[in-house]
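# Examining the three-dimensional arrangement
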Amino acid sequence: MMTNSDDKSLRHSWQVHSKDCGMAQDTAVPKLDFEYWLDKAIKWGQATTLESQKDVCLHLPQLQEFLHQVYETLKHMDSIAAIQQFPLIGQLLGRLCWNPFVIGYDESQKTLMWCLCCLYSSEPQNPVELKANSWIRSLLCHLLSSSKWESNEAETSTFISTLGYTSADYYCHLVKNMVFSLLAEFRGNQFNGLNMQGRKKISLPESAVVSLWLRHLPSLEKATLHLLDQLVSIQLNSLEEVACVIKDSLLPQAASHPAIFRIVNEIFKNVLLETDGTLEVLTVIQVFTQLFLRAHQNENKEHRFPLKAYFPCRHQPLVTALLRCPLELPTTHWSQHLKHISDMLKALVEDTNISSLADLFEIWFLVAHFGEWLDIAAEQLLKAAVEPDALLWLLAFYYCPQNENQQRTQTMVEAQALYSHLMMLFSCTVLSVKDLEAAVHTVTDMDQCCNQHLIIHLLTNFLLFSSGGRMIAQEFIYHITEATDTNKEVCSLLIRTAYRIKHNGEENQKTVKLLNELLQKLTSKV
């Protein structure tokens, strides 16, 4: 591997070599503005300042287009003609190859490598060309060692063979190059007074971050997974805290670009599948969706994408209904809107064309984004005059989307029976824990019910919104969470309810006081 002084020496001799040939400067091809990009590359250096990092990210699209044009031109020329035609090319490529923000974008990295291969002399005729070949090999090893596809034989074999290496030779050079790179990094850190920890924390404006994420998918994936890891590994006591962390990640704002939204959504889906639908991940998805919709609504109408660009499924009437913000409707219309959602969903799920589990999951995953409507459905069952079957079916589907072995059907039967008993107790001003226990046991044993989650959701809302239930709420919730190990689940439900009441307003102050007391006790146990 060459040192920085070797690099400068080579670039100088290469430029002199090209001038000696009496060829025109790169103005012979007006589209390839080498001077502009070399000036940029010199100013950027290795992107160690915040200003240079921002500028690189904002110029990545134009730089990629320029590099692509360079490669398309070089591939039709031999290396000697290329150097003669473009005397600045060595300086430019050399500088760009050591800029981590440029080579962090896979397409730029690959294009740089192809350009270097075009400059490689298969039969060097003089010392300058020999030295240039050595320099190109060094740069290619550096680029390959820093790429995520370095271990991919199909990706790297072309570069290895182009340089005349065998695989054994290449990996030997690669190891040497990595060692020298690490030593150079270590020395640079010593002299510059920088530490690795500090260099990893980069603060960029939103436009630069979006530009980077659009053109370097690994950085978007890393940001999304980091957000999930951050939110599931710490205890958060309110949805405001969850929303604050998600908003700080810039992902909801960046997701106004459909490509980013769909990639983030796909990552969420895969994590949800891998974690078997864990509650924490579902909460992140639901809050993220709310924040995204808010950011989308605040966008300039001229630049705003239609919402179907983000949810491009074929069930657009259902998507439209789910996307409706509850606050856009009078509370008296909520139950009717939920019945409309339930009816469409039921017709869709029972359609004979929806036969595969994958299709069913996609429908469920769509519905799961809009958890607020599901929580409102459970509340409306107890707080409003509703047709209960439609809302109970909606909740049964959410908690039990598959109907294999009639699971959803049995869940629906149990939910209907419990709801009937709860409504008989709803007007009672005096209740005991035993009264409520008896109502539950009349329907099912909690340990053997088909869907414990739905039963607990209905019971918790009964305790919050009925006058008799509020009197025994603390005792009953303590009892049920201990017996069923559902402390985290009940806590999540209470946090969501507290958030919704705070933002919607107009709620019984006794309910608000009870919620705060319950959350204080339950969060200390989580």
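Residues numbered from 1 in each chain as written. Predicted model: local features only at pLDDT ≥ 70, side-chain atom pairs only at ≥ 80, totals over all residues. Heavy atoms only, no water.

## Quick word on the overall build of the protein
Helix and strand content of the protein: 28 helices and zero strands. Counting over 526 residues, the protein shows a buried share of 49%. Contacts spanning at least 24 positions in sequence make up 73% of the contacts within the protein whose residues lie at least 6 apart. Surface summary for the protein: the accessible area is close to 25,700 Å², and the carbon and sulfur share equals 53%. (Helix = DSSP H or I, 4+ residues; strand = E, 2+ residues; numbered from the N terminus. Buried < 20%, exposed > 50% of the residue type's maximum accessible area, 1.4 Å probe, protein only. Contact = heavy atoms within 4.5 Å. Areas by Shrake-Rupley, 256 points an atom, 1.4 Å probe, with all protein chains shown as cover.)

## Examining the nonpolar core
Ranked by internal contacts, the top residues of the largest apolar core, which has 108 residues, are Ile246, Phe311, Leu345, Phe397, Leu436 and Leu459. Not counting residues within four places of it along the chain, the set of residues in contact with leucine 459 comprises Leu418, Leu422, Leu436, Val440, Phe476 and Ile480. (Core = buried A, V, L, I, M, F, W, Y, C linked by side-chain atoms within 4.5 Å.)

## Quick notes on the packing of aromatic side chains
By the definition in use, this model includes 19 aromatic pairs. Arranged with centres 5.2 Å apart and planes meeting at 80°, the rings of phenylalanine 268 and phenylalanine 288 form a pair that is edge-to-face. Taken together, the residues span a long stretch of sequence, with phenylalanine 268 in helix α16 (residues 258-274) and phenylalanine 288 in helix α17 (residues 279-297) at a distance of 20 residues. Both residues of the pair, phenylalanine 268 and phenylalanine 288, belong to the buried class. Seen in terms of ring centroids, phenylalanine 361 and tryptophan 364 are 5.8 Å apart; in terms of plane orientation they differ by 35°. Their pairing is tilted. Of the two residues, phenylalanine 361 and tryptophan 364 both sit in helix α20 (residues 357-368), three residues apart, roughly one turn of that helix. In this structure, lysine 383 is placed above the aromatic ring of phenylalanine 465, and the distance from its NZ or CZ to the ring centre is 4.7 Å. (Phe/Tyr/Trp six-rings, centres within 6.5 Å; stacked < 30°, edge-to-face > 60°. Lys NZ or Arg CZ within 6 Å of the ring centre and 35° of its normal.)

## Re α20
With twelve residues, α20 ought to run about 16 Å at 1.5 Å a step, and its terminal C-alpha atoms sit 16 Å apart, in line with that. Along its buried surface, α20 packs onto α16, α17, α18 (316-323), α19 (334-349), α21 (371-383) and α22 (388-399). (Expected span 1.5 Å × (residues − 1).)

## Things to note about the pattern of salt bridges
Side chains carrying opposite charge are able to pair once their charged atoms draw close together. Under the criterion given, the structure shown has 14 salt bridges. Of the charged contacts in the structure, one is a salt bridge between arginine 500 and aspartate 375, with a shortest N-O distance of 3.7 Å. Separated by 125 residues along the polypeptide, arginine 500 in helix α27 (residues 487-504) and aspartate 375 in helix α21 bring together distant segments of the chain. Classification of aspartate 375 by relative accessible area gives buried; the value is 4%. The network of salt bridges with common partners includes Asp375, Glu379, Lys383, Arg496 and Arg500. (Salt bridge = Lys/Arg side-chain N within 4 Å of Asp/Glu carboxyl O.)

## Some points on the packing of helix α25 (residues 452-465) against α27
At their nearest, the axes of α25 and α27 sit 11 Å apart, and the two run at 50° to each other. One element, α25, and the other, α27, form an angle in the oblique class. The crossing of α25 and α27 is right-handed. Where α25 abuts α27, its residues His453, Ile456, His457, Thr460, Leu464 and Phe465 lie against Glu489, Val490, Leu493, Leu494, Arg496 and Thr497. In terms of residue class, the contact of α25 with α27 is made up of six nonpolar, four polar and two charged. (Axes fitted to C-alpha atoms, helices over the stretch in contact; angles between N-to-C directions. Parallel < 35°, antiparallel > 145°, perpendicular 65-115°, else oblique. Left-handed = near helix turned anticlockwise from the far one by under 90°. Nonpolar A, V, L, I, M, F, W, Y, C, P; charged D, E, K, R; others polar.)

## Some details on unusual backbone geometry
The phi angle at leucine 250 is positive, at roughly 70°, despite the residue not being glycine. Despite not being glycine, aspartate 485 shows a phi value in the positive range, around 55°. Structurally, the position occupied by aspartate 485 is in the loop between α26 (467-484) and α27.

## A word on the side chain of arginine 496
When you line up the elements, arginine 496 lands in helix α27. On the basis of relative accessibility, which here comes to 12%, the residue arginine 496 falls in the buried class. Leave out the neighbours within four places in its chain, and arginine 496 touches Leu239, Leu279, Gln286, Asp375 and His457.

## Focus: the side chain of lysine 269
Inspection of the secondary structure assignment puts lysine 269 in helix α16. What makes lysine 269 buried here is its relative accessible area of 10%. If near-sequence neighbours (up to four positions away) are discounted, lysine 269 is found in contact with Phe361, Glu362 and Phe365.

## Side note on the confidence of the model for the protein
Confidence along the protein averages 79 in pLDDT terms, with 79% of residues attaining 70 or more. Note on residues 15-30: pLDDT under 50 across the span, and 28 contacts to partners over four residues away in sequence or across chains. (pLDDT = per-residue confidence, 0-100.)

## Details of the environment of phenylalanine 311
Assignment of secondary structure puts phenylalanine 311 in the loop between α17 and α18. Each C-alpha atom of the pair phenylalanine 311 and proline 258 lies 9.1 Å from the other, and the pair is 53 residues apart in sequence. Look past the residues within four positions of phenylalanine 311 in its chain and what remains in contact with it is Phe261, Phe292, Gln316, Val319, Leu323, Leu366, His369 and Phe370.

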